[in-house]
Amino acid sequence: MNEIIMDGRPLPFVDGQTVAAALVAAGRVAWRTTRVRQRPRGVFCGIGVCFDCLVTIDGAGGQRACLVLARAGMTVTTGEGDDE
C-alpha cells in the first residue's frame with residue numbers, strides 16, 4: 001500500500017486519492033485551526049475554492065489538500081493558525 005508521511009507518521013492512501021481524501025479516510029476531519037478563535041478546519045468545499053484544507057507539502061506551504069494528489073513518500077505537515 002502507498003503511504004505519505006503526515007506529521008511524521010505514515011498515512012496510507014490509494015492511487016488517485018487526494019491528500020484530503022487520504023486524511024478523511026484515516027478518520028481525520030480537521031487538521032489545522034484558525035489563528036484568532038482556534039476553530040478546526042479541514043476539507044470543506046473539496047474543490048479548491050475555500051482554502052480551509054491548507055497543508056504544507058514537501059516544504060511548500062499553503063497547499064490545498066483537496067487538490068493535490070497523494071504520492072508515495074510525500075511529506076505533509078499540518079498547520080495551526082494559518083489564517084482566519
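See the structure shown above.
Residues numbered from 1 in each chain as written. Predicted model: local features only at pLDDT ≥ 70, side-chain atom pairs only at ≥ 80, totals over all residues. Heavy atoms only, no water.

Trainee: For the overall build of the protein, give the residues involved together with the corresponding values.
Mentor: When its secondary structure is counted, the protein shows one helix and seven strands. Of the regular secondary structure in the protein, the N- to C-terminal order runs β-β-α-β-β-β-β-β. Relative to the compact-globule value of 12 Å for 84 residues, the protein shows a C-alpha radius of gyration of 12 Å, a close match. Counting only C-alpha atoms and orienting by the principal axes, one finds that the protein spans roughly 40 × 25 × 20 Å. Looking at the 84 residues of the protein, the share that counts as buried comes to 33%. Taking the intrachain contacts of the protein between residues at least 6 apart in sequence as the baseline, contacts between residues at least 24 apart amount to 40%. Of the accessible surface of the protein, which amounts to about 4,800 Å², a share of 52% is contributed by carbon and sulfur atoms. Looking at the protein, you have 9 positive and 9 negative side-chain charges, and the mean spots of the two groups are 6 Å apart. (Helix = DSSP H or I, 4+ residues; strand = E, 2+ residues; numbered from the N terminus. Rg over C-alpha atoms; globule rule 2.2 N^0.38 Å. Buried < 20%, exposed > 50% of the residue type's maximum accessible area, 1.4 Å probe, protein only. Contact = heavy atoms within 4.5 Å. Areas by Shrake-Rupley, 256 points an atom, 1.4 Å probe, with all protein chains shown as cover. Lys, Arg positive; Asp, Glu negative; His and termini not counted. Charge placed at Lys NZ, Arg CZ, Asp CG, Glu CD.)

Trainee: Explain the sheet that holds strand β6 (residues 60–64) to me, using residue names and the numbers behind them.
Mentor: Spatially, β2-β1-β7-β5-β6 is the arrangement adopted by the five strands of the open sheet, whose pairing is mixed. Lying at the two open borders of the sheet, with one neighbouring strand each, are β2 (9–13) and β6. Pairs of neighbouring strands in the sheet enclose a mean axial angle of 40°, with direction left out of account. Two strands pair when backbone bridges link them, and strand β5 (residues 54–57) and β6 are joined in this way by three bridges, in the antiparallel orientation. Residue pairing in the sheet places Val 55 in a bridge with Gln 63 of β6. (Pairing = 2+ DSSP bridges. Axes fitted to C-alpha atoms, helices over the stretch in contact; angles between N-to-C directions.)

Trainee: Break down the pattern of salt bridges for me, with residues and values.
Mentor: All chains considered together, the criterion is met by three salt bridges. A salt bridge links Asp 7 to Arg 28; the shortest N-O distance between them is 3.7 Å. Of this pair, Asp 7 sits in the loop between β1 (2–6) and β2 while Arg 28 sits in the loop between α1 (19–25) and β3 (32–33); the two residues are 21 residues apart in sequence, bridging distant segments of the chain. Since its relative accessible area comes to 35%, Asp 7 is described here as partly exposed. The partner of Arg 41 in a salt bridge is Asp 52, and the shortest N-O contact between them spans 3.6 Å. Of this pair, Arg 41 sits in strand β4 (residues 40–41) while Asp 52 sits in the loop between β4 and β5, and the two are 11 residues apart along the sequence. (Salt bridge = Lys/Arg side-chain N within 4 Å of Asp/Glu carboxyl O.)

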